[in-house]
Amino acid sequence: MAVELNHTIVAAHDKTASAQFLADLLGLQVEPQYGPFIPVQTPNGVTLDYMDTDDSITPQHYAFLVSEDDFDAIFARVRAAGLTYWADPHHDHPGEINHNDGGRGAYFDDPNGHNLEILTRPYGSGED
């Protein structure tokens, strides 16, 4: 059996709202609650399991490889939601997207401060 990422736990102050935020932007579904988790499953079978915490949240980075058409749709939803987006993970280039490896990419934050990324080409797969 090959090693595959199956799921990861995403800390949230409101797991339901946070899962819905991600699902709405990416065009995915929020799955029924499983134990303390609200899952959002990506088409490749990886599940982001949102879990409530009262503690402070250390922001994590979650990158989603998408098609060119999906990028257009997701990016349109990001802009329609009035979210600030950046071309880079350090948020030095607001209101821009990147063209790394001949593709497109953008970063934006979720309600808990997690850094979300959409990209159309894996890093190292093409020309800068």
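Preceding this paragraph is the structure being described.
Calculation criteria
Residues numbered from 1 in each chain as written. Predicted model: local features only at pLDDT ≥ 70, side-chain atom pairs only at ≥ 80, totals over all residues. Heavy atoms only, no water. Phe/Tyr/Trp six-rings, centres within 6.5 Å; stacked < 30°, edge-to-face > 60°. Helix = DSSP H or I, 4+ residues; strand = E, 2+ residues; numbered from the N terminus. Buried < 20%, exposed > 50% of the residue type's maximum accessible area, 1.4 Å probe, protein only. Pairing = 2+ DSSP bridges. Axes fitted to C-alpha atoms, helices over the stretch in contact; angles between N-to-C directions. Contact = heavy atoms within 4.5 Å.

Colleague: Help me understand the packing of aromatic side chains, please; the structure alone is not making it clear to me.
Modeller: How two aromatic rings sit relative to each other is set out by the distance from centre to centre and by the angle between their planes. Applying the stated criterion across every chain yields a total of 2 aromatic pairs. Each ring, one from Phe75 and one from Tyr85, has its centre 4.8 Å from the other, and the planes form 80°; the classification is edge-to-face. With Phe75 in helix 2 (residues 68-80) and Tyr85 in strand 5 (residues 85-86), the pair connects residues that are 10 residues apart, well separated along the chain. The exposure classification of Phe75 matches that of Tyr85, with both residues buried. Among the aromatic residues, ring-to-ring pairing joins Phe71, Phe75 and Tyr85 into one connected group.

Colleague: Hey, could you run me through the pairing of strand 4 (residues 61-65) in this one?
Modeller: Every regular strand shows the same layout, with side chains that alternate between the two sheet faces. Going residue by residue along strand 4, you find Tyr62 and Phe64 tucked away on one face and His61, Ala63 and Leu65 left uncovered on the opposite face. Taken together, the 5 bridges between strand 4 and strand 7 (residues 115-119) define a ladder with parallel strand orientation. Paired with Phe64 across the strands is Ile118, a residue of strand 7.

Colleague: Mind showing me how you'd approach the sheet that holds strand 3 (residues 47-52) here?
Modeller: Read from one edge to the other, the open sheet built from 3 strands follows the order 1-3-2, with strand pairing classed as mixed. With partners counted over all chains shown, the strands left at the sheet margins are strand 1 (7-12) and strand 2 (38-41), one partner each. Pairs of neighbouring strands in the sheet enclose a mean axial angle of 25°, with direction left out of account. Of the pairings in the sheet, the one linking strand 1 to strand 3 comprises 6 bridges and is parallel in character. In the sheet register, His7 faces strand 3, and the bridge partner there is Thr47. Against the sheet, helix 1 (residues 15-26) contacts strand 1, strand 2 and strand 3, and its axis sits at roughly 150° relative to strand 3.

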